[in-house]
Amino acid sequence: MFKFSPKVQESPQDVRGTILKVVGVLAIVGLLVALPTPDATAVPPPATSGCRLESPKGGIQHVIYIQFDNTHFRRDNPNVPSDLEQMPHLLNFITDNGTLMANDHTALISHTATGILTSLTGVYPDRMGQPVSNSFRYFTPAGGTRTGVSFAYWTAPLFDPAGPPFPPAGQTDFTLTMINENGKVAPAPWVPYTRAGCDFGAVGTANTILENTGIDIATVFGPTSAEALQAALDHPGTAATQTFADFVGIGIHCAQGSAICSAANHGRPDPLTDEPGGYSDYQGLFGARYVNPVINAGGPMTDLDGNTIQDANGHIGFPGFDGMVATVSLSWVAQMQEAGIPITYAYISDAHDGHGTAGNIHFAYGPGEAGYVQQLQDYDQAFQKFFDRLAAHGIDKSNTLFVFTVDEGDHFAGDAPTPAGCDGVFTPCNYARVGEINADLRRMVLTQFGDSTVFSVHSDDAPTVYVNGTSAQPLRDQTDPIVRQLEREMSQLSSLNPYTGLIENNIMVAMADHTAMKTLHMITADPMRTPTFTPFADPDWFFFATGGPTCGTPGTAACVLIPARTSQSFAWNHGDIQDEIASTWVGYVGKGVEHIGVDDTTWSDHTDVRPTMLNLVGLKDDYVHDGRVMSEILLGYARPKAMKQSTSFVALAQIYKQLNAPFGEFAMATLKASTKALASNDAGDATYNSIEGQIQSLTSQRDALAAQMVGLLNGAEFNGQAFSDAQAQSLIGQGQALLNQANGLPH
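Overview of the structure. As the structure is a computational prediction, the values presented were derived from the model and not from experiment.

Cut-off values and rules
Residues numbered from 1 in each chain as written. Predicted model: local features only at pLDDT ≥ 70, side-chain atom pairs only at ≥ 80, totals over all residues. Heavy atoms only, no water. Helix = DSSP H or I, 4+ residues; strand = E, 2+ residues; numbered from the N terminus. Buried < 20%, exposed > 50% of the residue type's maximum accessible area, 1.4 Å probe, protein only. Areas by Shrake-Rupley, 256 points an atom, 1.4 Å probe, with all protein chains shown as cover. Lys, Arg positive; Asp, Glu negative; His and termini not counted. Charge placed at Lys NZ, Arg CZ, Asp CG, Glu CD. Salt bridge = Lys/Arg side-chain N within 4 Å of Asp/Glu carboxyl O. Pairing = 2+ DSSP bridges. Contact = heavy atoms within 4.5 Å. Axes fitted to C-alpha atoms, helices over the stretch in contact; angles between N-to-C directions. Parallel < 35°, antiparallel > 145°, perpendicular 65-115°, else oblique. Left-handed = near helix turned anticlockwise from the far one by under 90°. Nonpolar A, V, L, I, M, F, W, Y, C, P; charged D, E, K, R; others polar. Polar contact = N/O pair within 3.5 Å; in protein donor to acceptor, adjacent residues only side chain to side chain. Phe/Tyr/Trp six-rings, centres within 6.5 Å; stacked < 30°, edge-to-face > 60°. Lys NZ or Arg CZ within 6 Å of the ring centre and 35° of its normal. Disulfide = S-S within 2.5 Å. Expected span 1.5 Å × (residues − 1).

## Observations regarding the overall build of the protein chain
- When you go through the protein chain residue by residue, the secondary structure sums to 20 helices and 25 strands.
- Taking the principal axes of the C-alpha coordinates as reference, the protein chain spans close to 75 × 70 × 60 Å.
- The proportion of buried residues among the 747 residues of the protein chain is 65%.
- Only carbon and sulfur atoms are counted for the fraction: they give 53% of the accessible area of the protein chain, which is about 23700 Å².
- Mean positive and mean negative side-chain charge positions of the protein chain (38 and 74 charges, respectively) differ by 4 Å.

Below, the structure written as structure tokens:
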């Protein structure tokens, strides 16, 4: 999923995909006695009778949303069946009963947190605060930078992982993790469900549950609570501890008055003070310690195979995010549904990495390797058991909306497999080398250009660059000569590629500064977390930045190498703009969904998931999404009347997406122009100034036009407001003209 470079950044041990620091047996047993102890013999409450979903024909009573990490519908090797092809129980369930949209897209940068949160909210990262993930840098008033982490509870402030203590003494940015365009807490995804009287269960789903023991426990339970005291004495900020297993990863957001979140069950206030329309007097349960006895009175939670769920150190409870394999995550979903929690959102960790015991290792497989194939077989069997178990409890496609999706695609970095033509299923594939090309960007720039400018990066194949400022000017302007020189240098970066043995020129394939990042929806309400500029690299490469000396000859192992394959290895690169990374999939099954099978034509992206789901269950948000309802996959009766009366709805929606989406035609055309601008070096920076001015003007026009378009679309989708063909055609014409201008930019 992701990693920190230990040579560059503080390394939090409690976020998804990091190398877990395995600690010993908890040494504060006495403290646990002071905590309130749930009644393990309590009878779970009956099914929630007050849940008022208003699907078009009233048939949907349950919602099951499954969020995969890095799981592919497309083949990574033409001879090796894809991840979904090797999970036929899941793939056939979707294609035999609904629609799998295979032309879906993520947002930028294309990482786990950004992708998941875009799907959950229906808005792009500039409206929910996480365009750079799974970690990012933020500027300090002195002009340096520190690390922030994208994964923190929905209402928590920015999580700086450099503690304990938390917040650490050096933290300077305390803006919200989930910051919207107005500097407030972004609207939360459970709200329309709980307002409708439906309890909402969260299983490892990004930021809807506690993500860490550094700041989240104090945020939810209070800084003087028994839970916070336990966290403070139990390796705070570290995973695989008893506190992490107790309180991270599992939660329930309850409807008002729900017995599940009663005080007797250790319910806590679940406030959202910035929520549009207000949100008060709601309660939540946080952590397996309090959730498990309510949904599973018979004892500890077990996976679908009957094994007690525990972390790498044997702590019973949440096993860690890399421990959320299919048999674990799906078991929690089934148990919640059977206990009367009708809405469940769950996360499943990737299958292309070996996670050992609940994530104590991270071993990257290549396509068709035996361990990878076996893991997919395990996932497939888990889905068979899951569907059978749900059906035995009367939960199936006749009364449930199922949605399955993924955060982003990946690029595999490694040698060609042997033997040639291996398929993994009948002939295992083997690899001599597996791993991203690790490269020190600062030392490469120093070596090739003699430029010793101090900058940091978010380590990645899209290594967002943060150029150090000064106490007088912490944030450098994008026209600062120091910044412009770095951009030119990075556009010319070259090195010996250790996979090919040849010099690779122009390793950075695209570049965006603030002007283009605004077009890509990467500028948030917190200027301190905005990168100076963003290069996008050849996806074989993974960049970090240290302050070491020159590298010597290009491609020397001092600065560029493929790490030896160990129990902590990484080979699946994302964050970038290539189609294999940008392209994703989403599957819908349930009443109102057309049975299409595979739709590989209709263009969509992550923001479309939420409005489509809410339309199918008859609910709405109190804000306008950046996405739109995917009417192309809905049966006629599931389309609101105003949508059907708006006969140009689809045509308007399609051009709207090409104008506004990060991977739409407009954004990709302006990114090409931005790349040319940032690389240019003529008198007075004339080319740069000209192209940047055109991008800025076109983006302003795009934003204004997109707002008009989505206003009409949202009105038809959720407010019963039909629009005329004349209105639509006028906007479509203006949109096409803008696309033509963007495509006509120099590149």
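That shown, we press on.
## Re the pattern of salt bridges
- This model, assessed by the stated rule, comprises 21 salt bridges.
- The salt bridge partner of Glu338 is Arg389, with a shortest N-O separation of 2.7 Å. Here Glu338 is found in helix α9 (residues 326-338), whereas its partner Arg389 is found in helix α10 (residues 370-392), with 51 residues between them in sequence.
- Between Glu487 and Arg484 there is a salt bridge, with its nearest N and O atoms 2.8 Å apart. Here Glu487 pairs with Arg484, and both are found in helix α12 (residues 481-491), just three residues apart, close to one helical turn.
- Judged by its relative accessible area of 2%, Arg484 is buried.
- Shared partners join several salt bridges into a network, and the residues in it are Arg484, Glu487, Arg488 and Asp685.

## A closer look at the sheet that holds strand β14 (residues 437-440)
- Pairing in this open sheet of three strands is mixed, and the strands run β21-β14-β22 from one edge to the other. Since the sheet does not close on itself, it has two edges, and those belong to β21 (541-544) and β22 (560-561), each with one partner.
- Helix-sheet contacts for helix α11 (residues 441-449) involve β14, β21 and β22, and the interaxial angle to β14 is about 60°.

## Considering the packing of helix α19 (residues 686-718) against helix α20 (residues 725-743)
- At their nearest, the axes of α19 and α20 sit 10 Å apart, and the two run at 155° to each other. Between α19 and α20, the angle is such that the two are roughly antiparallel. Judged by the sense of rotation from one axis to the other, the crossing of α19 with α20 is left-handed. Taking contact as the criterion, the partners of Leu698, Gln701, Arg702, Leu705, Gln708, Met709 and Leu712 in α19 are, on α20, Gln727, Leu731, Ile732, Gln734, Gly735, Leu738, Gln741 and Ala742.
- A class-by-class count of the residues in the contact of α19 with α20 yields eight nonpolar, six polar and one charged.

## Section: the environment of Thr177
- Structurally, Thr177 is set in the loop between β4 (145-149) and α4 (191-195).
- On the basis of relative accessible area, Thr177 is assigned to the buried category, the value being 1%.
- Sequence separation of Thr177 and Gly148 is 29 residues, and the distance between their C-alpha atoms is 8.9 Å.
- Apart from the residues within four sequence positions on either side, Thr177 is in contact with Met128, Gly129, Gln130, Ser150, Ala152, Ala156, Pro157, Leu158, Phe159, Asn207 and Arg529.
- From its side chain, Thr177 meets the backbone oxygen of Pro157 in a polar contact 2.9 Å long.

## Brief notes about the packing of aromatic side chains
- Under the definition given, this model contains 35 aromatic pairs.
- Consider the rings of Tyr372 and Trp572, whose centres lie 6.0 Å apart with planes at 85°: the pair is edge-to-face. Here Tyr372, found in helix α10, pairs with Trp572, found in strand β23 (residues 572-573); they are 200 residues apart in sequence, far enough to count as distant.
- Taken together through their ring pairs, the aromatic side chains of Tyr65, Tyr153, Trp154, Trp190, Tyr193, Phe200, Phe221, Phe247, Phe286, Tyr290 and Tyr345 make up a single cluster.
- When the ring centre of Tyr637 is taken as reference, the NZ or CZ atom of Lys57 above it lies at 4.2 Å.
- Directly above the aromatic system of Tyr688 lies the positively charged group of Arg484, at a separation of 4.0 Å from the ring centroid.

## Brief notes about the state of the cysteines
- All told, the structure shown has four disulfides when counted by the stated rule.
- A disulfide bridge connects Cys51 with Cys198, and the sulfur atoms are separated by 2.0 Å. The sign of the S-S torsion, about 85°, decides the handedness of the disulfide formed by Cys51 and Cys198: right-handed. Taken as a pair, Cys51 in the loop between α1 (29-34) and β1 (62-68) and Cys198 in the loop between α4 and β5 (200-203) lie far apart in primary sequence, 147 residues in all.
- Each disulfide pairs two cysteine sulfurs, and for Cys254 the partner residue is Cys261, the sulfurs being separated by 2.0 Å. Linking Cys254 and Cys261, the disulfide has an S-S dihedral of approximately 70° and is accordingly described as right-handed.

## Topic: the sheet that holds β5
- Across the sheet, which stays open at both edges, the ten strands sit in the order β7-β8-β6-β5-β9-β1-β12-β24-β2-β25 with mixed pairing between neighbours. Edge positions in the open sheet fall to β7 (268-269) and β25 (597-599), since each of these has one partner strand only.
- For β5 and strand β6 (residues 250-253), the ladder comprises four bridges, and the chain directions are antiparallel. Opposite Ala202, over in β6, you have Gly251 as the bridge partner.
- With respect to the sheet, helix α2 (residues 88-97) is in contact with β1, β2 (98-105), β12 (400-406), β24 (583-589) and β25, its orientation differing from that of β2 by roughly 105°.
- Strands in contact with helix α3 (residues 112-121) are β1 and β9 (343-348); relative to β1, the strand with the most contacts, it is inclined by about 160°.

## A few points about helix α8 (residues 288-295)
- Counting buried positions along α8 yields eight of eight residues, so the element is predominantly enclosed.
- Along α8, the residues that are buried comprise Ala288, Arg289, Tyr290, Val291, Asn292, Pro293, Val294 and Ile295.

## A closer look at helix α17 (residues 649-660)
- With twelve residues, α17 ought to run about 16 Å at 1.5 Å a step, and its terminal C-alpha atoms sit 16 Å apart, in line with that.
- Burial analysis of α17 places nine of its twelve residues in the buried class, the great majority of the element.
- For α17, the complete set of buried residues consists of Phe649, Leu652, Ala653, Ile655, Tyr656, Lys657, Gln658, Leu659 and Asn660.
- Next to the buried residues of α17 lie α16 (641-645), α18 (665-679), α19 and α20.

## Here's the deal with unusual backbone geometry
- For the peptide bond that leads from Leu108 to Ile109, omega is -5°, which places it in the cis range.
- That bond from Pro164 to Pro165 is cis: its omega, 0°, falls within 30 degrees of zero.
- Structurally, Pro165 is set in the loop between β4 and α4.
- In the Ramachandran plot, Asn506 falls in the positive-phi region, its phi being about 50° despite a non-glycine side chain.
- Considering the arrangement of structural elements, one finds Asn506 in the loop between β18 (502-504) and β19 (508-513).
- Notably, Asp685 is not glycine yet its phi reads approximately 55°, a positive angle.
- Of note, Asp685 is situated in the loop between α18 and α19.
- For Asp685, a relative accessible area of 13% puts it in the buried group.

## Some points on the packing of α2 against α10
- It is the contact of α2 with α10, at a shortest axis distance of 7 Å, that shows an interaxial angle of 55°. Taken together, the axes of α2 and α10 lie oblique to each other. Together, Pro88, His89, Leu90 and Phe93 of α2 and Asp380, Phe383, Gln384 and Phe387 of α10 make up the contact between the two elements.
- In terms of residue class, the contact of α2 with α10 is made up of five nonpolar, two polar and one charged.

## Considerations on the environment of Gly122
- On the secondary structure map, Gly122 appears in the loop between α3 and β3 (135-139).
- When its relative accessible area of 0% is taken as the criterion, Gly122 is described as buried.
- Those residues within four positions of Gly122 in sequence are excluded, and the remaining contacts are Thr607, Arg610, His625, Asp626 and Gly627.

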